[in-house]
Amino acid sequence: MNNIVRVVLVLLVLIISPNLSWARTKAWLIGTHKAIKLDPATNTIEKQQGVDIEQGRFFFDQRTDNLFVLQRAARFLSEVNVLNVKTLQKKTKLDITIDTNTRDEVQLLFSTSGSLFYLRWMEEEDGTPEIVAYDATTLKPLKKYSTTPATTNELMISASGDRLYSLVQDENIMKIDIFETNNFSYVSSLDIKKFFTIGTEGGVGEFKNEKLVVDEVISRIPVLESFQYVYDIPTNKISTKIKKTIKGDYLLIPATNKIALNEEQYVGKFKSMRLETDYQSSGKIHIFDTTTGKEVALVKVNVAQNGKFIGVTPAEDKLYFLSYGAGFSNPMLHMIDLKKHLVVRTLPIPEASMTMVFFEE
C-alpha cells in the first residue's frame, strides 16, 4: 500500500467517523506557585509553569474542560474561579460569594453527560444547605433547591446525572440518602450498617463512581483489626470482605475493583496513647482485589518520612504517590505501574502539597 492510498484511507475514516478522538490523557500537578504537566503514557514531565493559585479545592468538569477552584478571595470570603484545564488560565468565576467559615460545606457535582452541574453550599454558618443548578456551558445559575432531609457535604452524583447520593454517618448511622436531581425530591435511603457482621463501629472513607469504601472495626486491642470492603450503590451490595490489621490511608480504584493501602507504622513512644501524628508511612503499598478479598501485590516505595496517594489514571493503569521528609521537605512523585506492580519512575517535584487533575488533550 503506497503513501497516497494510506492518506486517502485516513481521510475516509475521518469523514465516516467525525467524532473519532485522538485525545491522549495528560495530567497537571498543581501547587501554590508551580504546576507540572505530565504525560502518563511516557512517565515524563512535558513542562512546568508558574501559577498563582492559593491551595484550595479543585473540581473538574470533563465535559467542558472547566477546572473550578474554590479558594479564599478575602479575609472572610471565598469564591469559585473557573480555569481552562489545558492552560490553567483563569476564564471567569461563578457569580457566588461564599463565607469562608462555610467553605467545607461546598461541593460541585458533575455527571458524565447532560448540560447541568450542581453546587451545594450554605449561605451562612449553621444555615440550611442549598443546591444550585448551573448551566455547564454559560456557567449561569438556573435554580435553587432545598432538600428534606438536608444533604451532607459528602455527596456523589450518578453517572447519568439523575440521582444525588448524600452520605450520612455518625456513631450510630451509616446510610445513603437518595434524591432525584430533576427537583431534588427525596427518593429513599440505603442502610450500609446492615452489612456489619462482627464489628460494631466503623465508617466510610473514600467514595467515587457510585462506590464507597467501608471500614468495619472488629477490635482495637491488642491490635487494630477490621474488615474493609466496597459498597456498590446501584446494586445495594458489598464486595468480599478484606480482613486486615494494617493501619493506613487508602485509595479506591473502582473500575478494576482494587483498593490501594498506604501502610503506616507507629513511631511514637507510648503504647497506651497514640496520636495520628505518631504514625509515618512505611513505604509499603498494598494492593487488594475487592472481588476476591485477597492482597494481589505489595509495592515498596522509598519514603523519607511520609506520603499520600494523589491520583490514579482514568485507565487505572498507573498510581501516583507523593512522599516527603520532615517539614514537607524533599517532595518526590512515585509513578507506580498497576499491571507490573512496581515503581517505574520517581521524580522530584516543587511542593509537597499538590493536586493532581487528569484531562484529555
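Computed from a prediction, not measured in an experiment: that's the story for all the values here. (Residues numbered from 1 in each chain as written. Predicted model: local features only at pLDDT ≥ 70, side-chain atom pairs only at ≥ 80, totals over all residues. Heavy atoms only, no water.)

*Asks:* Outline the confidence of the model for the protein chain, supporting the account with residue identities and numerical values.
*Replies:* Looking at the protein chain, the pLDDT average stands at 91 and 91% of residues meet or exceed 70. Low pLDDT (under 50) marks residues 13-20, which in the prediction has two contacts with non-local residues, meaning those over four places away or in another chain. (pLDDT = per-residue confidence, 0-100. Contact = heavy atoms within 4.5 Å.)

*Asks:* A description of the sheet that holds strand S25 (residues 294-300) should follow, citing residues and the corresponding values.
*Replies:* Taken in spatial order, the four strands line up as S22-S23-S24-S25 in an open sheet, and their pairing is antiparallel. The open sheet has two edge strands with one neighbour each: strand S22 (248-253) and S25. The sheet shows a mean angle of 25 degrees between the axes of neighbouring strands, direction not considered. Pairing of S22 with strand S23 (residues 258-266) involves six bridges; the strand directions are antiparallel. Across the sheet, residue Tyr 250 finds its bridge partner in S23, namely Leu 261. (Pairing = 2+ DSSP bridges. Helix = DSSP H or I, 4+ residues; strand = E, 2+ residues; numbered from the N terminus. Axes fitted to C-alpha atoms, helices over the stretch in contact; angles between N-to-C directions.)

*Asks:* Any chance you could break down the pairing of strand S4 (residues 57-61) for me, citing the residues and the numbers?
*Replies:* As paired strands, S4 and strand S5 (residues 66-72) are joined by five bridges and run antiparallel to one another. By the bridge assignment, Arg 57 is partnered in S5 with Leu 70.

*Asks:* Let's hear about the environment of Thr 147: which residues, and what values?
*Replies:* Along the polypeptide, Thr 147 turns up in the loop between strand S12 (141-145) and strand S13 (155-157). At 3.4 Å, the side chain of Thr 147 forms a polar contact with the backbone nitrogen of Thr 151. (Polar contact = N/O pair within 3.5 Å; in protein donor to acceptor, adjacent residues only side chain to side chain.)

*Asks:* Which residues make up the side chain of Gln 71, and what are the values?
*Replies:* Counting through the fold element by element, Gln 71 comes out in strand S5. On the basis of relative accessibility, which here comes to 10%, the residue Gln 71 falls in the buried class. Within polar-contact distance, the side chain of Gln 71 engages the side chain of Asn 81 at 3.2 Å. In this structure, Gln 71 is in contact with Ile 53, Glu 54, Ser 78, Glu 79, Asn 81 and Arg 103, ignoring residues within four places of it in sequence. (Buried < 20%, exposed > 50% of the residue type's maximum accessible area, 1.4 Å probe, protein only.)

*Asks:* I'd like to hear about the packing of aromatic side chains, residue by residue, with values.
*Replies:* Under the definition given, this model contains 12 aromatic pairs. Between Phe 68 and Phe 117 the ring centres are 5.2 Å apart and the planes differ by 55 degrees, which places this aromatic pair in the tilted class. Remark: Phe 117 occurs in strand S10 (residues 116-121) and Phe 68 occurs in strand S5; sequence separation between them is 49 residues. The buried category is assigned to Phe 117, whose relative accessible area is 0%. Look at Phe 179 and Tyr 186: their rings are 6.0 Å apart centre to centre, the planes differ by 70 degrees, and that puts the pair in the edge-to-face class. (Phe/Tyr/Trp six-rings, centres within 6.5 Å; stacked < 30°, edge-to-face > 60°.)

*Asks:* I'd like a description of the nonpolar core, backed by residues and values.
*Replies:* The biggest cluster of nonpolar side chains holds 18 residues, and the ones touching the most others in it are Phe 68, Val 80, Leu 94, Leu 108, Phe 117 and Leu 119. If you list the elements that add at least two residues to this core, you get S5, strand S6 (77-84), strand S9 (107-110), S10 and strand S11 (130-135). Grouped together as the second largest cluster of nonpolar side chains are 17 residues, Tyr 165, Leu 190, Val 214 and Tyr 231 included. (Core = buried A, V, L, I, M, F, W, Y, C linked by side-chain atoms within 4.5 Å.)

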